[in-house]
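# A closer look at the structure
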Amino acid sequence: MIVHDSSWEVDASPEEVWAVFHPPVKRDSGRPATLANPRVVEHRNVRIEIIHEGDENGQGLVRRTWYAVPWYIGGTARSWEIISEASPPHFQRYDAITTPPQA
(Lines give C-alpha, C1' and ligand atoms only; values in the text may rest on other atoms or scores of the structure.)
Protein backbone atom coordinates (compact mmCIF):
# COMPACT_ATOMS: atom_id res chain seq x y z
CA MET A 1 0.00 0.00 0.00
CA ILE A 2 1.22 3.49 -0.81
CA VAL A 3 0.19 6.37 1.45
CA HIS A 4 0.32 9.93 0.19
CA ASP A 5 -0.38 12.92 2.44
CA SER A 6 -0.39 16.51 1.32
CA SER A 7 -1.23 19.88 2.79
CA TRP A 8 -1.30 23.48 1.57
CA GLU A 9 -1.31 26.91 3.15
CA VAL A 10 -3.62 29.43 1.50
CA ASP A 11 -4.83 32.91 2.36
CA ALA A 12 -8.48 32.00 2.93
CA SER A 13 -10.77 30.85 5.71
CA PRO A 14 -11.39 27.12 6.16
CA GLU A 15 -14.98 27.68 4.97
CA GLU A 16 -13.81 29.36 1.75
CA VAL A 17 -11.39 26.54 0.98
CA TRP A 18 -14.02 23.87 1.76
CA ALA A 19 -16.47 25.57 -0.62
CA VAL A 20 -13.95 25.24 -3.48
CA PHE A 21 -13.64 21.48 -3.02
CA HIS A 22 -17.31 20.94 -2.13
CA PRO A 23 -19.42 23.25 -4.29
CA PRO A 24 -23.20 23.01 -4.02
CA VAL A 25 -24.60 20.18 -6.13
CA LYS A 26 -26.27 21.55 -9.28
CA ARG A 27 -28.08 18.91 -11.28
CA ASP A 28 -30.38 19.77 -14.14
CA SER A 29 -32.23 16.47 -14.00
CA GLY A 30 -32.87 16.52 -10.26
CA ARG A 31 -31.89 12.84 -10.16
CA PRO A 32 -29.18 11.64 -7.75
CA ALA A 33 -25.75 10.79 -9.12
CA THR A 34 -25.36 7.14 -10.12
CA LEU A 35 -22.93 5.04 -12.13
CA ALA A 36 -25.25 5.42 -15.14
CA ASN A 37 -25.87 9.13 -14.46
CA PRO A 38 -22.77 10.62 -12.78
CA ARG A 39 -22.26 14.28 -11.92
CA VAL A 40 -19.27 15.31 -14.04
CA VAL A 41 -16.59 17.84 -13.09
CA GLU A 42 -13.92 18.67 -15.69
CA HIS A 43 -10.94 20.96 -15.31
CA ARG A 44 -8.21 21.02 -17.93
CA ASN A 45 -6.97 17.42 -18.28
CA VAL A 46 -8.84 16.07 -15.22
CA ARG A 47 -12.27 14.43 -15.37
CA ILE A 48 -14.14 13.51 -12.19
CA GLU A 49 -17.39 11.56 -12.24
CA ILE A 50 -19.32 11.67 -8.96
CA ILE A 51 -21.12 8.33 -8.63
CA HIS A 52 -22.58 8.89 -5.14
CA GLU A 53 -22.72 12.26 -3.34
CA GLY A 54 -22.22 10.89 0.19
CA ASP A 55 -23.77 12.43 3.30
CA GLU A 56 -24.24 16.13 4.12
CA ASN A 57 -20.50 16.39 4.93
CA GLY A 58 -19.37 14.57 1.77
CA GLN A 59 -18.41 11.42 3.67
CA GLY A 60 -19.17 8.37 1.55
CA LEU A 61 -18.83 10.31 -1.72
CA VAL A 62 -17.69 7.95 -4.48
CA ARG A 63 -15.95 9.23 -7.62
CA ARG A 64 -14.04 8.02 -10.66
CA THR A 65 -11.18 10.19 -11.87
CA TRP A 66 -9.03 10.39 -14.99
CA TYR A 67 -5.90 12.55 -14.86
CA ALA A 68 -2.69 13.14 -16.76
CA VAL A 69 0.62 11.68 -15.64
CA PRO A 70 4.02 12.20 -17.32
CA TRP A 71 4.24 10.54 -20.76
CA TYR A 72 7.12 8.30 -19.66
CA ILE A 73 4.84 6.83 -16.97
CA GLY A 74 1.96 6.28 -19.34
CA GLY A 75 0.09 9.49 -20.13
CA THR A 76 -3.24 8.92 -18.33
CA ALA A 77 -4.17 7.33 -15.01
CA ARG A 78 -7.54 6.43 -13.53
CA SER A 79 -8.77 5.87 -10.00
CA TRP A 80 -11.84 5.04 -7.95
CA GLU A 81 -12.04 7.14 -4.78
CA ILE A 82 -14.21 7.30 -1.67
CA ILE A 83 -14.28 9.99 1.01
CA SER A 84 -13.71 7.89 4.13
CA GLU A 85 -13.55 10.71 6.71
CA ALA A 86 -14.84 14.26 6.61
CA SER A 87 -14.91 16.99 9.24
CA PRO A 88 -16.03 20.18 7.49
CA PRO A 89 -14.49 22.63 7.00
CA HIS A 90 -11.14 21.37 8.30
CA PHE A 91 -10.41 17.83 7.22
CA GLN A 92 -11.12 15.25 4.54
CA ARG A 93 -9.54 11.85 3.90
CA TYR A 94 -10.10 9.72 0.85
CA ASP A 95 -9.05 6.22 -0.13
CA ALA A 96 -8.30 5.37 -3.75
CA ILE A 97 -7.69 2.40 -5.98
CA THR A 98 -5.65 3.37 -9.02
CA THR A 99 -5.13 1.50 -12.25
CA PRO A 100 -1.74 1.48 -13.96
CA PRO A 101 -1.30 4.48 -16.30
CA GLN A 102 -2.38 3.96 -19.92
CA ALA A 103 -0.96 5.62 -23.00
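Summary of the structure given here.

The rules behind these values
- Residues numbered from 1 in each chain as written.
- Predicted model: local features only at pLDDT ≥ 70, side-chain atom pairs only at ≥ 80, totals over all residues.
- Heavy atoms only, no water.
- Pairing = 2+ DSSP bridges.
- Helix = DSSP H or I, 4+ residues; strand = E, 2+ residues; numbered from the N terminus.
- Polar contact = N/O pair within 3.5 Å; in protein donor to acceptor, adjacent residues only side chain to side chain.
- Contact = heavy atoms within 4.5 Å.
- Core = buried A, V, L, I, M, F, W, Y, C linked by side-chain atoms within 4.5 Å.
- Buried < 20%, exposed > 50% of the residue type's maximum accessible area, 1.4 Å probe, protein only.
- Axes fitted to C-alpha atoms, helices over the stretch in contact; angles between N-to-C directions.

### Some points on the pairing of strand β4 (residues 76-87)
Regular strands have side chains that alternate between both faces of the sheet. Bridging between strand β3 (residues 62-68) and β4 involves seven bridges; their strand directions are antiparallel. Paired with Arg-63 across the two strands is Glu-81, which belongs to β4. The pairing of β4 with strand β5 (residues 91-98) spans eight bridges and is antiparallel. Pairing of Ile-82 across the sheet is with Asp-95, part of β5.

### Quick word on the side chain of Arg-63
Within the fold, Arg-63 resides in strand β3. Only 2.5 Å separates the side chain of Arg-63 from the side chain of Glu-81, close enough to count as a polar contact. If sequence neighbours within four positions are ignored, Arg-63 has contacts with Ile-48, Glu-49, Ile-50, Ile-51, Ser-79, Trp-80, Glu-81, Ile-83 and Tyr-94.

### Notes on the nonpolar core
Note on soluble globular proteins: their nonpolar side chains tend to be buried together. By size, the foremost hydrophobic cluster in this structure holds six residues: Trp-18, Ala-33, Ile-50, Leu-61, Ile-83 and Ala-86. Apart from residues no more than four positions distant in its own chain, Ile-50 is found in contact with Ala-33, Thr-34, Pro-38, Arg-39, Leu-61, Val-62 and Arg-63.

### Focus on the environment of Gly-75
Within the secondary structure, Gly-75 sits in the loop between β3 and β4. Sequence-wise, Gly-75 and Pro-101 are 26 residues apart; in three dimensions their C-alpha atoms are separated by 6.5 Å.

### Re the side chain of Glu-81
Within the secondary structure, Glu-81 is located in strand β4. On the basis of relative accessibility, which here comes to 10%, the residue Glu-81 falls in the buried class. A distance of 3.4 Å separates a polar atom in the side chain of Glu-81 from a polar atom in the side chain of Thr-65. Apart from the residues lying within four places of it in its own chain, the contact partners of Glu-81 are Leu-61, Val-62, Arg-63, Thr-65, Tyr-94, Asp-95 and Ala-96.

### Comments concerning the sheet that holds β5
As summarised here, the arrangement of the five strands in space is β1-β2-β3-β4-β5, forming an open sheet in which the pairing is antiparallel. Every other strand in the sheet has two partners, leaving β1 (39-43) and β5 as the edge strands with one partner each. Neighbour to neighbour, the strand axes of the sheet diverge by 25° on average, direction disregarded. In terms of strand pairing, β1 meets strand β2 (residues 46-52) through five bridges, oriented antiparallel. Along β2, the bridge assignment pairs His-43 with Val-46.

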